[in-house]
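Chain by chain, the residues:
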Amino acid sequence: MDRLRLRCPAGGICGATRTFALLAAACGAQLPMVSAVAGQASAVSEQRTVARAERLRAGGRAAEAASALREHLARAPASPGALALLGELALESGEAAALVPYAEAAVAAAPDEEVARLWWVRGLTAAGMLDSALAVSDRWLKGVPQLSTARLARADVQLAAGDSAGAIRTLGDAAAPGRELLTRFADLLLAAGDGDRLAAAWVELLALAPPATDEVETGLRTAEAEGSGVHAASFERLRGRLADRRDGAARAGAIVALRLGRAEAARALAEAAPMQDDPEAAAFLREYVREAEAAELPGEVAWSARRLVDLSARPVDRLRWLALSGEQALAAGDTASARRALEELTRESHPGDGPHQLASRRLFGLLAANPASLDEAASVLDRYARQYPDSAAAEAGMRGDLALGHARAGDLGTAEALVADARQRIRVASSGRLDAAAARLALYAGQRDSARERASRSARESEIGAAERTRRLRLLTLVQAADTAEVRIAGAAALGLLTAPEAFDPGPALRDLAGRPASSGRSVVLGFIAEAAEAAGQTRIAGALRRQIVRQHPGSPEAPAALLDLARASAPADAGSWLEQLIVGYPRSALAPVARRMLAELDGGGR
């Protein structure tokens, strides 16, 4: 190996160096050692060589890159950057044997250099010289047992030799394992099916700072995909080991549980960790909110947001978390929690504030939907009218919703009186929501002409969502297409589904329809009752009515819509049949392209 030599007279110093030394002595400076100067030059040369080799590699000239690196290593073997890049190129080209001499020379030049020993072991392993690789890695690990790189290299050689049990022992003997080592250890335990030790390794990963949640999530998803009994129980084993912990590992486990959609387990792990007087609690709960939102778990968003209310010192933060808690509790169907959050939000905010007005409306809507809290809903509405006198249009709509609440309770008389009072009380040129509610009440009462007039007015409102517009148009279509008797039957059925959905029996309505001459709107009547049944959660009744439309009214516009609704409500194995019927039987329908797209998605998923 050639070393840098400075040719000077024996026993003397060359001229330039002597001059620099005299100047340095005069200034009180110390002359750098010749070896340090040479080392700096070697480092600069290595950086240039590696940069050039990287450019050649990126340009598809890997052989030239390897040649440049070999030339440099021949001059300066203790160049870890050059050796590492040459190692990568050697593994890519399958020429690992050519790397070994350079790695050996690097170790000889710098015995303590970690990169050199690592690539020596890797080169021997890739070249198939496993006995040598085992011997070299064994000596290295015995010399520095605390070094994770050495332990990982030893395990890699053992795996290449087919000794997975030995690799597990090597990694398991680490005194203070880090993220990479623990992840590799967990992967080997997963492959070996050692569930108990795997759960323990995952706990260690979650206890790191920051916790290795991504690695544990990946492992759990892999275990779930394996499908065997040992793998299927992996999450429960992990949960069991975290159950008694009150530290960051339990909180990290809660985050992993959220990502896997296991809301109950996430909540249990999160609640076990202390919250009060814990400076990290707020940060954890904010992360919990983010992960729960990403996993589309509104109940968990609501729970964590409510906890953040108690941990927030600033009023603006309290209001923000209260609003989120109430909104997400509503989305989760937890009306009790939503009501508490909305009531607290209206108490802590002030009239005129955005949160106060929105919370008042949502609280009213929640109370008006429950027959047991209609009086409280009326109280909230009256208070809203006093606090927001300029919101007449919103008030009119809320009074319409209160009227529908009384209809839901079976009190049509009070409902109609509320609508009449609202028209007298509120001077609004037009209120689509009030007209829509009035049209519904007229339908429930079997008053076709009144329902048609009010439905027509409500359908002319411009600023409404697509779903609400569709709902209003369906009612308008019904009262326009069906005769008076059919409207009365449809209204009675819709009212029955509104007031007592679980007890609703479609038999009387169907028998009544069958005993009367069918109008051109008979299929519209059946479709309207099917929609009402689906909205009330009676999907079985809705499906039966739609099948009747397909059988008895195949030429009606409602038939393709019924087929599409049947497909959406069916399991994949049955949905394809309904979609094929729509595509073949109604190729010119506006719904046919939708059916083709859905069928393609089903076929792509293997049904």
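About the thresholds
Residues numbered from 1 in each chain as written. Predicted model: local features only at pLDDT ≥ 70, side-chain atom pairs only at ≥ 80, totals over all residues. Heavy atoms only, no water. Helix = DSSP H or I, 4+ residues; strand = E, 2+ residues; numbered from the N terminus. Rg over C-alpha atoms; globule rule 2.2 N^0.38 Å. Buried < 20%, exposed > 50% of the residue type's maximum accessible area, 1.4 Å probe, protein only. Contact = heavy atoms within 4.5 Å. Expected span 1.5 Å × (residues − 1). Arc of directions from axis to C-beta. Salt bridge = Lys/Arg side-chain N within 4 Å of Asp/Glu carboxyl O. Axes fitted to C-alpha atoms, helices over the stretch in contact; angles between N-to-C directions. Parallel < 35°, antiparallel > 145°, perpendicular 65-115°, else oblique. Left-handed = near helix turned anticlockwise from the far one by under 90°. Phe/Tyr/Trp six-rings, centres within 6.5 Å; stacked < 30°, edge-to-face > 60°. Lys NZ or Arg CZ within 6 Å of the ring centre and 35° of its normal. Core = buried A, V, L, I, M, F, W, Y, C linked by side-chain atoms within 4.5 Å.

## Re the overall build of the protein chain
Within the protein chain one finds 34 helices and zero strands. In terms of C-alpha radius of gyration, the protein chain reaches 38 Å, well past the compact-globule figure of 25 Å for 607 residues. A principal-axis box enclosing the C-alpha atoms of the protein chain has dimensions of 120 × 60 × 50 Å. In the protein chain, which comprises 607 residues, the proportion classed as buried is 43%. For the protein chain, contacts bridging at least 24 residues in sequence account for 53% of all contacts bridging at least 6.

## Let's talk about helix H5 (residues 96-109)
Between its first and last C-alpha, H5 extends 20 Å over 14 residues, near the 20 Å set by a 1.5 Å rise per residue. Along H5, the residues classified as buried are Ala96, Leu99, Val100, Ala103, Ala106 and Val107. Projected down its long axis, H5 carries its buried residues within an arc of 135°, all on one side.

## Things to note about the pattern of salt bridges
Considering all chains together, one arrives at 44 salt bridges under this definition. Note that glutamate 453 and arginine 457 form a salt bridge whose closest N and O atoms lie 3.0 Å from each other. In this pair, glutamate 453 and arginine 457 both sit in helix H26 (residues 448-459), four residues apart, roughly one turn of the helix. With a relative accessible area of 49%, glutamate 453 lands in the partly exposed category. For arginine 457, a relative accessible area of 25% puts it in the partly exposed group.

## What to know about the environment of glutamate 416
With respect to the helices and strands, the residue glutamate 416 is situated in helix H24 (residues 412-425). Under the relative-accessibility criterion, glutamate 416 is labelled partly exposed at 34%. Separated by 38 residues in the primary sequence, glutamate 416 and alanine 378 have C-alpha atoms spaced 15 Å apart. Not counting residues within four places of it along the chain, the set of residues in contact with glutamate 416 comprises Leu441 and Ala445.

## Points about the packing of helix H29 (residues 507-514) against helix H30 (residues 522-535)
Where H29 contacts H30, the axes come no closer than 12 Å and their chain directions differ by 175°. Considering their axes alone, H29 and H30 lie roughly antiparallel with respect to each other. Along the contact surface, H29 presents Leu510, Leu513 and Ala514, while H30 presents Arg522, Val525 and Leu526.

## Points about the packing of helix H4 (residues 80-93) against helix H6 (residues 114-126)
Where H4 meets H6, the closest approach of the two axes is 10 Å, and the angle between their N-to-C directions is 15°. It follows that H4 is roughly parallel to H6 by the angle criterion. When you trace H4 past H6, the crossing you get is left-handed. Residue-level inspection shows Pro80, Leu83, Ala84, Gly87, Glu88 and Leu91 of H4 in contact with H6, the latter providing Val115, Ala116, Trp119 and Ala126.

## Describing the packing of aromatic side chains
Under the counting rule described, the total for this entry stands at three aromatic pairs. On the basis of an interplanar angle of 35° and a centroid distance of 4.9 Å, the ring pair of tyrosine 384 and tyrosine 388 is categorised as tilted. The ring centre of tryptophan 119 lies 4.9 Å from the NZ or CZ of arginine 122, which sits over that ring. Residue placement shows arginine 320 over the ring face of tryptophan 321; its charged tip is 4.3 Å from the ring centre.

## What about helix H25 (residues 432-444)?
With 13 residues, H25 should cover 18 Å at 1.5 Å per step; its first-to-last C-alpha distance of 18 Å lies within 8% of that length. The complete set of buried residues in H25 reads Gly432, Leu434, Asp435, Ala436, Ala437, Ala438, Ala439, Arg440, Leu441, Ala442, Leu443 and Tyr444. A positive backbone phi angle near 75° is found at glycine 446, which sits one or two residues after H25.

## Regarding the nonpolar core
Trp202, Leu206, Val216, Leu220, Leu238, Tyr288 and Phe364 are the most contacted members of the largest nonpolar core, which has 74 residues in total. The residues contacting valine 216, other than those within four sequence positions of it, are Trp202, Leu205, Leu206, Leu238 and Val256. In terms of nonpolar packing, the next biggest core, distinct from the first, is built from 64 residues, Leu404, Phe504, Ala509 and Ala592 among them.

## Focus: the environment of tyrosine 444
By the element assignment, tyrosine 444 lies in helix H25. For the pair tyrosine 444 and arginine 347, spaced 97 residues apart in sequence, the C-alpha separation works out to 37 Å. Here tyrosine 444 is in contact with Leu404, Ala407, Leu412, Gly491, Ala494, Leu495 and Leu498, once residues within four sequence places are set aside.

The values are spatial; any link to function lies outside them.
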